[in-house]
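Listed below, chain by chain, are the residues.
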Amino acid sequence: MAGRHFLFVPGPTNVPDRVLRAMLVPMEDHRSPKFPELTLPLFQDLKKIFKTTDGQIFLFPSSGTGAWESAFTNTLSPGDKVLASRFGQFTHLWIDMAQRLGFDVQVLEEEWGTGVKPEKIEEILRADKDHKIKAVTACHNETATGVSSDIGAVRKAIDAAGHPALLFVDTVSSLVSLDFRQDQWRVDLAISGSQKGLMLPAGLSVLSASPKAIAASKTAKSKRCYFDFDDMIKANATGYFPYTPPLPLLYGLREALKIINEEGLENIFERHHRLAGGVRAAVKAWGLQPCAKDPKWYSDTVTAIVVPPAFNAAEVISTAYRRYNLSLGAGLSQVAGKVFRIGHLGDLNELMLLGAIAGAEMAMADVGIPVQLGSGVAAAQAHYRAAPASAERAA
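### Description of the overall build of the protein
Part 1 of the reasoning: Within the protein, the secondary structure is distributed over 15 helices and 14 strands.
Part 2 of the reasoning: The C-alpha radius of gyration of the protein comes to 21 Å, within 12% of the 21 Å expected for a compact globule of 395 residues.
Part 3 of the reasoning: Structurally, the protein occupies a C-alpha span of about 60 × 55 × 35 Å along its principal axes.
Part 4 of the reasoning: Looking at the protein as a whole, 59% of its 395 residues qualify as buried.
Part 5 of the reasoning: Look at the contacts in the protein between residues 6 or more apart in sequence, and 74% of them connect residues 24 or more apart.
Part 6 of the reasoning: When the accessible area of the protein is evaluated, it comes to approximately 16300 Å², of which 54% is carbon and sulfur surface.
Part 7 of the reasoning: Averaging the positions of the 42 positive and the 41 negative side-chain charges in the protein gives two centres separated by 0 Å.

Structure representation (structure tokens):
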């Protein structure tokens, strides 16, 4: 099909041309004296992304799932109790992993379309007088339903209960897109991946561990090898890895971090908020609803859109792909066939999103959903014209 493919799933996201060019490098000796010139600055620059000064950065050749496994196995022992909220496919997957790794998971079931409920966490932790719960997991942004949660409030709940549990946070679809403050919120293990806000291909997971998490790793008894903190810490100290690193991804990461620094993190957060507002304006103009049940849950990185009951969202997605060269995100698990998702994170701007909104609008009309052509596009245009220019535009 002529023209450029429109990728608007919530990950992988569009990779900037600068990053693609930076990855076109010849292979080199990853044990050479020069190699640390590439790697050591990456660890320091990633600390700025997580907003931490004390965090230990780990880069694993894996998806974000690998970093999650590393977080669990390095800091917990078999049978340890974990408190986890489930309100979407990815929160479910982390619970499933913890159970399969041999941990005792207490699951807080929440309605899909809502998020973490700090008051429930506080209540449970207050009742845990013997401190059997060793970790609390929270998903900053649940990609399946387009829901973001207040991690600062989760930290306040843990503190109010006077509980020593570690705080694990999934930032896979929020890092470099939504404001995240590891040190301020005292997040012990922050987990992410390369293919979303970092604007890279998939294949690199990023984990930032607090000093408390590193201390826990010294006594945790879960078996680990590939994802062992100690092996990484020893090799990373001088700029090396315990095994062959994904060289092109590291060069791509260096360029992506340059792009992020040029725009500025706060400007990036503002841009994502502005772009997301246009998508939400389009959804309202279509007469539809987001999966998120209340504005307090709205995500600035992905919007899951509920189709009318008589329709199958999978047909919208298929039509958008076949007729308009547009990739939209599918509904997963409990919301399969009920929602389609527009990802609005990473390297994108207003005109790119207007193209995705127009394509989604046409695909919905093609399958018979009664939307007025042009209504969503016009609503988004009005939002973008009214929204204040971000700092980088003003400059």
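### With respect to the environment of glutamate 37
Part 1 of the reasoning: Residue placement: glutamate 37 occurs in helix H2 (residues 36-50).
Part 2 of the reasoning: Along the chain, glutamate 37 and valine 147 lie 110 residues apart, while their C-alpha atoms are 39 Å from each other.

### Re the side chain of glutamate 255
Part 1 of the reasoning: As for its placement among the helices and strands, glutamate 255 is situated in helix H10 (residues 247-263).
Part 2 of the reasoning: Judged by relative accessible area, glutamate 255 falls into the buried class, the value being 14%.
Part 3 of the reasoning: Contact partners of glutamate 255, with chain neighbours within four places excluded, come to Arg18, Val19 and Ala22.

### Observations regarding helix H13 (residues 350-366)
Part 1 of the reasoning: Across its 17 residues, H13 extends 24 Å between first and last C-alpha, which sits within 8% of the 24 Å expected from 1.5 Å per residue.
Part 2 of the reasoning: Listed in full, the buried residues belonging to H13 are Glu350, Leu353, Leu354, Ala356, Ile357, Gly359, Ala360, Glu361, Ala363 and Met364.
Part 3 of the reasoning: Measuring from the backbone nitrogen of leucine 351 back to the side-chain oxygen at the start of H13 gives 3.3 Å, which picks out asparagine 349 as the cap.

### A word on the nonpolar core
Part 1 of the reasoning: Within the largest apolar cluster, 87 residues are counted, with the highest numbers of intra-cluster contacts made by Leu59, Phe168, Leu189, Leu207, Leu253 and Ile260.
Part 2 of the reasoning: In terms of residue count, H10 provides more of this core than any other element does, nine residues in total.
Part 3 of the reasoning: Sequence-distant contacts of leucine 189, that is, excluding residues within four places in its chain, are made with Ala71, Thr75, Leu167, Phe168, Val169, Leu207, Ser208, Ala209, Ala213 and Phe229.

### Quick notes on the packing of aromatic side chains
Part 1 of the reasoning: Counting across every chain of the model gives 15 aromatic pairs.
Part 2 of the reasoning: Between the aromatic rings of phenylalanine 50 and phenylalanine 180, the centroid separation amounts to 6.4 Å while the plane-to-plane angle is 80°, which identifies the pairing as edge-to-face. Of the two residues, phenylalanine 50 sits in helix H2 while phenylalanine 180 sits in the loop between strand E8 (166-170) and helix H7 (182-185), which places them 130 residues apart along the sequence.
Part 3 of the reasoning: A residue is classified by how much of its surface remains accessible, and phenylalanine 50, at 0% relative accessible area, is buried.
Part 4 of the reasoning: Their ring planes at 15° and their centres at 6.2 Å tell us that tryptophan 68 and phenylalanine 168 sit as a pair that is stacked. One end of the pair, tryptophan 68, is in helix H3 (residues 64-75); the other, phenylalanine 168, is in strand E8, with 100 residues separating them in the sequence.
Part 5 of the reasoning: Exposure remark for tryptophan 68: the relative accessible area of 0% places this residue in the buried category.

Conventions adopted
- Residues numbered from 1 in each chain as written.
- Predicted model: local features only at pLDDT ≥ 70, side-chain atom pairs only at ≥ 80, totals over all residues.
- Heavy atoms only, no water.
- Helix = DSSP H or I, 4+ residues; strand = E, 2+ residues; numbered from the N terminus.
- Rg over C-alpha atoms; globule rule 2.2 N^0.38 Å.
- Buried < 20%, exposed > 50% of the residue type's maximum accessible area, 1.4 Å probe, protein only.
- Contact = heavy atoms within 4.5 Å.
- Areas by Shrake-Rupley, 256 points an atom, 1.4 Å probe, with all protein chains shown as cover.
- Lys, Arg positive; Asp, Glu negative; His and termini not counted.
- Charge placed at Lys NZ, Arg CZ, Asp CG, Glu CD.
- Expected span 1.5 Å × (residues − 1).
- Polar contact = N/O pair within 3.5 Å; in protein donor to acceptor, adjacent residues only side chain to side chain.
- Core = buried A, V, L, I, M, F, W, Y, C linked by side-chain atoms within 4.5 Å.
- Phe/Tyr/Trp six-rings, centres within 6.5 Å; stacked < 30°, edge-to-face > 60°.

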